[in-house]
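Structural overview for review
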Amino acid sequence: EDEIASLAAVIGASLGGAKAMTATSGPGFSLMQENLGYAAMTETPCVIVNVMRGGPSTGMPTRPSQADVMQARWGTHGDHPVIVLAPASAQEIHAETVRAFNLAEAYRTPVVVLYDEVIAHLIESVELPAHVATVDRKWAAPAAAGFKPYAETDDLVPVMARPGDGHRVHVTGLTHTEEGFPTQKPELAEPAAQRLLDKIERHRDRIESYEALQTEDAEVLIVAIGIVARAARRAVACLRAQGIKAGLFRPITLWPFPEAALREIDARAVLVPEMNAGQLALEVERLAGAPVARLNRL
């Protein structure tokens, strides 16, 4: 009946052993935030597509925007892990959605595929691979003795119980012990919450993805995502033709943001064009070693 129920159904399907996803745009994404937090806390793999459109509120349906950048990272309450992928073509939508499922399964976390309305309405040829590499979550051995559904492992990602295999599992959005039962003891709650963050942070090298175009000698660096990044590719070519050493940095993994890769680019000035009042710019200003100018369009 609504986007709250949609993501609830996805979470239920995933807990039942299926790979599941749902899709929405801005207002629906707002409605999904509570269940996004639930999926993060219960470590339930799922994929959510959010096609950004004009806002706030019902705003401008079917019109473009990039104003959900920060909501994708901080939309739900509390400290929680998140992976957000930002494709910029029809081909990448296919590839990054596949990767979203693989990351969700590998790290037991919700993954958001985020792109603007212009990218969503592109008509482009897509080359479908003959084989798609897929990842499945780690399943517990049937009826393993002493099974703990949230026991810490070497990679910080707990083994998941498959329904019907004989395990007793308690799933709750409350802070819980390794057995899955609620706790408010600080000495148990803090490490449990920290592990959720650490399991993403530890695997940044396997999660992060970005495109760097002519950044080796760039004096002016453009940082952009989505359809704006496609326009920026043209801008870089035009500037280079005029003798201006420009380059483009496009985060494909928007969250976690590819911090180290951006810091390595030694530009004299940075421009962040985006279709919002200035959200991606906040992250770039935090990381860039040069003055950052904004180019915003609502």
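Further up the page is the structure itself.
Rules used throughout
- Residues numbered from 1 in each chain as written.
- Predicted model: local features only at pLDDT ≥ 70, side-chain atom pairs only at ≥ 80, totals over all residues.
- Heavy atoms only, no water.
- Salt bridge = Lys/Arg side-chain N within 4 Å of Asp/Glu carboxyl O.
- Helix = DSSP H or I, 4+ residues; strand = E, 2+ residues; numbered from the N terminus.
- Buried < 20%, exposed > 50% of the residue type's maximum accessible area, 1.4 Å probe, protein only.
- Contact = heavy atoms within 4.5 Å.
- Phe/Tyr/Trp six-rings, centres within 6.5 Å; stacked < 30°, edge-to-face > 60°.
- Lys NZ or Arg CZ within 6 Å of the ring centre and 35° of its normal.
- Pairing = 2+ DSSP bridges.
- Axes fitted to C-alpha atoms, helices over the stretch in contact; angles between N-to-C directions.

1. Things to note about the pattern of salt bridges
Counted under the stated rule, the structure contains 21 salt bridges. In this structure, E178 and K148 form a salt bridge, with 4.0 Å as the shortest nitrogen-oxygen distance. Here E178 is found in the loop between α6 (117-120) and α7 (186-201), whereas its partner K148 is found in the loop between α6 and α7, with 30 residues between them in sequence. Residues E208 and R204 are paired through a salt bridge, measuring 2.3 Å at the closest nitrogen-oxygen approach. Classification of E208 by relative accessible area gives partly exposed; the value is 24%.

2. Quick look at the side chain of E43
Tracing the sequence through the fold places E43 in the loop between α3 (33-42) and β2 (46-54). Residues contacting E43, with those up to four places away along its chain left out, are R108, Y150, P158, R195, L196 and K199.

3. Describing the packing of aromatic side chains
For the structure shown, the criterion picks out one aromatic pair. The ring of W74 carries R73 above its face, with NZ or CZ at 4.0 Å from the centroid.

4. Considerations on the sheet that holds strand β8 (residues 246-251)
If you walk across this open sheet you meet the five strands as β6-β8-β7-β10-β11, and the pairing is mixed. Strands with a single pairing partner mark the edges of an open sheet, and in this sheet they are β6 (210-213) and β11 (292-296). Averaged over neighbouring strand pairs, the angle between their axes works out to 20° when direction is ignored. Two strands pair when backbone bridges link them, and β6 and β8 are joined in this way by four bridges, in the antiparallel orientation. The residue bridging E211 from the neighbouring strand is R250, located in β8. The strands that helix α9 (residues 226-241) touches are β6, β7 (220-223), β8 and β10 (269-274); relative to β8, the one it contacts most, it runs at about 165°.

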